[in-house]
Number of protein chains: 2
Amino acid sequence: MVCFQIEFSMLAVFAGLVNQPPNFIFKGHSMKKFINTVDNLLDESARGFALAHADIVRLNPEPRYIARTAPRAPGKVALVSGGGSGHEPLHIGFVGLGMLDAACPGQVFTSPTPDQMLAAAQATESGGGVLFIVKNYAGDVMNFEIAAEMLDCPHETVLVHDDVSIPEHQGMGRRGVAGTTIVEKIVGAAAEAGADLAACKALGERVVRATASMGVALTSCTVPAVGKPTFGIADNEIEMGVGIHGEKGRKRMALASASEIVEHLTQAIDDELKPAKGQPALLHVNGFGATPLMELYLVYDLTRQFWDRRGVSIVRSLVGNFTTSLDMAGCSVTLTLLDDEMIRLWDAPVHTAALRWGC
Amino acid sequence: MVCFQIEFSMLAVFAGLVNQPPNFIFKGHSMKKFINTVDNLLDESARGFALAHADIVRLNPEPRYIARTAPRAPGKVALVSGGGSGHEPLHIGFVGLGMLDAACPGQVFTSPTPDQMLAAAQATESGGGVLFIVKNYAGDVMNFEIAAEMLDCPHETVLVHDDVSIPEHQGMGRRGVAGTTIVEKIVGAAAEAGADLAACKALGERVVRATASMGVALTSCTVPAVGKPTFGIADNEIEMGVGIHGEKGRKRMALASASEIVEHLTQAIDDELKPAKGQPALLHVNGFGATPLMELYLVYDLTRQFWDRRGVSIVRSLVGNFTTSLDMAGCSVTLTLLDDEMIRLWDAPVHTAALRWGC
C-alpha cells in the first residue's frame, strides 16, 4: 500500500527531523510547549481527549480514530473526516451526535493513513454508506482515496476547498480551511435526520460552493517535531492569506490596523461569493490558536460592519478557535451564504466536545 | 466617589502609558494584535461580542455591562460578576440562562468601576437580591464593595480565591483564578432553580472551599496599552504558580517535560485539598490563551493519571480556554471536590456564549 503522509509540501523538508531525542526541548530551541516527547505527543493528547469526553467519544488506539458513542439509527450515513493534528478542535472535537461519526487524527500537520480511515469507516458504517469529508491537501486527498477504494460499501467524498487566498485552478487548487466546520455541522445534521448518501454529498457540495474563507497570520506556528517557527516574519509584518499550516498567502504586508486587515479578508470573500442584498449568511471568525478572544470579537465587529453595509443579513455567527494552527497568532474569516434548509440544519441539535447545543 | 481601577499593583506603573497615539502599533513595538486603538479596543470587542451572541446577551454601553436576555423568574437571585478584560470568555462569556445575570468588563486587566456594577445589579435584580461573585484582587474587591454599599436591595458577595500558588494569609491573600468558572456555573444553576440569596452565598463559599487551582506560564502576555511583554522570561524558563495577569508565581524554574510541570501543579493542589480515596471531583484544565488544545489535552491526560493513582474519581471535566491571560502561553489546573448537589447543579442546563448544554 502506498501511503502519503505529508499533508503539505513544506513538511517534506522536516521529515528528517521527526525522530529527535526525547530531551530535544532542552537543547536551546525556542520552542516552549507542554510535551514529553514528540513521538508520544499525539498518543497522550488523544488519550486525554477521549478521557475528558468519554460521554461523547471513544478512542480506537490502533489504527487511531475517534468515534462517537451516541447510537446511530440503522441506515444513517456515516460521516468520517480527519487530517493532520494541530488544528484542534477540528476534527476530533466535532465527533458526536449531529456531526461526525468518526475522525482520524494524523501526526501534527501530517495526513492520517488509509488504514485509519478504513477502520473508522468500517466501525461506523450502519447500512447507509460512508461520506468522507476531506480538506483539499494532496496527502489527505490521496489517502482518503486509497481508503475509499478498499471500502466494501457505498461511499462518497465531499472535498472542502474554501480558502479564497489562492486561485481556484492553481496547483492542487484551493485549500480546505475553517469552512470545514460549517460543512461538517450542516451535513452532520442532515445525516442525523436521515438524508441518504447522495443527498448528503449534494448538500456538502452546496455548502462548499456557498462558503469562502481567508486568513491572516501575525506570527508563525511551531511544529513540535521541528522545534522552531515554520516561517520567519518580522515584528512589523503580517502574512495575508496564510494557510492553516503556515503556507504562504497572497502577500506579505506591513502590520496594519485591525480595520485595514479585516478589509482585505472580507473584500476577498465578498468578491468570491458576491452575496445579494438581503442574503442570509453565517459569519465565522476563527482564531488560529494564540489570538485572544477579545481580539476575535473585535474582528467579528469589523467583519459584521462590512457585510451590514452591503445589506448581507448575518443570521448566524460562530466566533472562537475552531480550525487552529497550533500556536499561530492570527485568524480567518468565513462566510457561508445560507438557505432555509441550511439554517435549519445549522440549528439542529449537536453534541460534540467543541460544538454543543439543543441537547 | 473613590474608584479603584487598578486590578493588580504591577499595572500602576503602566498607568501613564494608556493614552498612546492611535498609531502606536507601528512604532516598532513587538506587539502584534488585531486592534485599531487601545482606547477603542474594549468598545469594539464588547460590541462584537454582543452582536455575535444577540440571542443570549445584550450590551449596555454606558455604564458598560453585559446582561442576559433570557427572562428571569420573579424572586430569582441576580448573579453579577466582572473584572478586568483580557480573560475572556470569563466573565462575559458566562452570562446567560443558568449562569450569570450580568458581567461588568473593565479595561484590560483593570477593575470595572462601581457605577458599572451598580447599574448591572439594578438592571437584573428581580426581587431575590443580588449576589456578587468577585475574584480576590484589591481593585475588584473595593469597587464591588462600593457598589454594594450603594445598592438598595439585599445583596451578598462570594469571594473567589482558589490560587494555591501563594500562601492564604499573605498580603491580599490568594488570587481568584480559573476556579471562578466552576463557582459561577454551580451557583448560577442554584439561582436558576430558585435558591435564595443566603443559600446561593453559602453554596458559593462551599464551592470556593472545595476548589484549588495553580497555573504555569511558558511566556508572558502583552497588555495592549503597554505594548511589550509584562515580564521577561528566558527560552528555557517557566513561571510556576503564575497569576492570570502575569503576577509572579512560586518560583522561576527551568523548562521541563510536561510530566514534571504537571506534577508541580497537581501536587500543590492535592496538598491543599487532600481528597480522600473515592472522592468525586471535577478536573478543569484551563488554557491561558496561546496554548494549543492538543497540549491542553495532554496536560489533562497527565493530571488525570495523577488523581487516578490517588483514587480520586474524576466524574466531570472541562478542558479549554476559559480564564485566559490575553496571549500568554501556559495553563492552569483546577480541582473541585464535588458532592451530589454540586454534580446535579454542574449538569443543569446552561446557555451562555462559552458554556452551553441541556438547552
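Under an unreviewed UniProt entry, the name given to chain A is Dihydroxyacetone kinase subunit K, and the source organism is Methylocaldum szegediense.

**Q** Requested: an account of unusual backbone geometry, with residues and values cited.
**A** Residue and element names in this part refer to chain A. Geometrically, the link from Glu88 to Pro89 is a cis peptide bond, its omega value of 10° lying close to zero. You can see Pro89 is positioned in the loop between β3 (78–85) and β4 (102–108). In this structure, Lys274 is a non-glycine residue whose phi angle is positive, near 45°. By the secondary structure assignment, Lys274 is in the loop between α6 (258–273) and β10 (280–287). A relative accessible area of 64% means that Lys274 is categorised as exposed.

**Q** Before we move on, can you summarise empty space enclosed by the protein with the specific residues and values?
**A** A water-sized probe, rolled over the atoms, reveals where empty space remains. Considering all chains together, one arrives at 7 cavities of 30 Å³ or more under this definition. Looking at the largest cavity, its volume works out to about 70 Å³. For the largest cavity, the full set of lining residues is Met294 and Tyr297 of chain A together with Leu42, Ser45, Ala46, Phe49, Ile66, Ser85, Glu88, Ile92 and Pro105 of chain B. A per-element tally of the lining of the largest cavity places helix α1 (residues 41–52) of chain B first, with 4 residues. A class-by-class count of the residues in the lining of the largest cavity yields 8 nonpolar, 2 polar and 1 charged. The computed volume of the second largest cavity comes to approximately 60 Å³. Lining the second largest cavity are Gly82, Gly83, Gly84, Ser85, His87, Glu88, Leu90, His91, Ile92, Ala103, Cys104 and Pro105 of chain B. Of all the elements in the fold, those that place two or more residues in the lining of the second largest cavity are β3 (78–85) and β4 (102–108) of chain B. Per-element accounting of the lining of the second largest cavity gives the leading share, 4 residues, to β3 of chain B. Tallied by class, residues from the lining of the second largest cavity come to 5 nonpolar, 6 polar and 1 charged.

**Q** Tell me about the interface of chain B and chain A, residues and numbers included.
**A** The interface of chain B with chain A comprises 63 residues on the first partner and 62 residues on the second. Contact between chain B and chain A buries roughly 5300 Å² in total, counting both sides, with carbon and sulfur atoms accounting for 64%. Its largest share of buried area at the contact with chain A, chain B owes to Lys32, Phe34 and Met294 of chain B, together 20% of the area lost on that side. Applying the counting criterion to the chain B and chain A interface returns 22 residue pairs in polar contact (both at pLDDT 80 or more). Looking at the side of chain B that touches chain A element by element, the count peaks at 11 residues for helix α7 (residues 293–309) of chain B. The class makeup of the residues in the side of chain B that touches chain A is 35 nonpolar, 16 polar and 12 charged.

**Q** Can you tell me about the pairing of strand β1 (residues 57–60) of chain B, naming the residues and giving the values?
**A** Residues and elements named next belong to chain B. Looking at chain direction, β1 and strand β2 (residues 65–68) are connected through 4 bridges and run antiparallel. Residue pairing for β2: Val57 is matched across the bridge by Arg68. A loop of 4 residues connects β1 with β2, the two strands running antiparallel in sequence.

Parameters and conventions
Sequence order as written defines residue numbering, which begins from 1 separately in each chain. Lettering of chains starts at A and numbering of ligands starts at 1, both following the order in which they are written. At least 70 in pLDDT is required for a residue's local features to be given in this predicted model, at least 80 for side-chain atom pairs to be given and counted, and no such filter applies to totals for whole chains, interfaces and linings, which use all residues. Side-chain measures here rest on the full set of heavy atoms in the structure, leaving out hydrogens and waters. Starting at the N terminus, helices and strands are each numbered in turn, a helix being any DSSP run of H or I of at least four residues and a strand any DSSP run of E of at least two. Residue exposure (1.4 Å probe, protein chains only): buried if accessible area is under 20% of the type maximum, exposed if over 50%, otherwise partly exposed. Cavity means a closed set of points on a 1 Å grid over the protein atoms alone, one where a 1.4 Å probe fits but cannot get out, pocket means an open set with protein on both sides within 12 Å along at least 5 of 7 lines, and lining means a residue has an atom within 4 Å of a point. Grid points are joined across faces, edges and corners, and a volume is the space filled by probe spheres set on the points. Put simply, Ala, Val, Leu, Ile, Met, Phe, Trp, Tyr, Cys and Pro go in the nonpolar bin, Asp, Glu, Lys and Arg in the charged bin, and everything else, Gly too, in the polar bin. Contacts were defined at the residue level, with two residues in contact if any of their heavy atoms lie within 4.5 Å. By convention, the term buried area covers the 1.4 Å-probe accessible surface removed from two parts as they join, with the contributions of both added. Whenever a nitrogen or oxygen atom comes within 3.5 Å of another N or O atom, the pair is scored as a polar contact, on the condition that within protein one atom can donate a hydrogen and the other can accept it, and that pairs from neighbouring residues in sequence are kept only if both atoms are in side chains. The rule for pairing is simple: two strands pair if DSSP sees at least two bridges between them.

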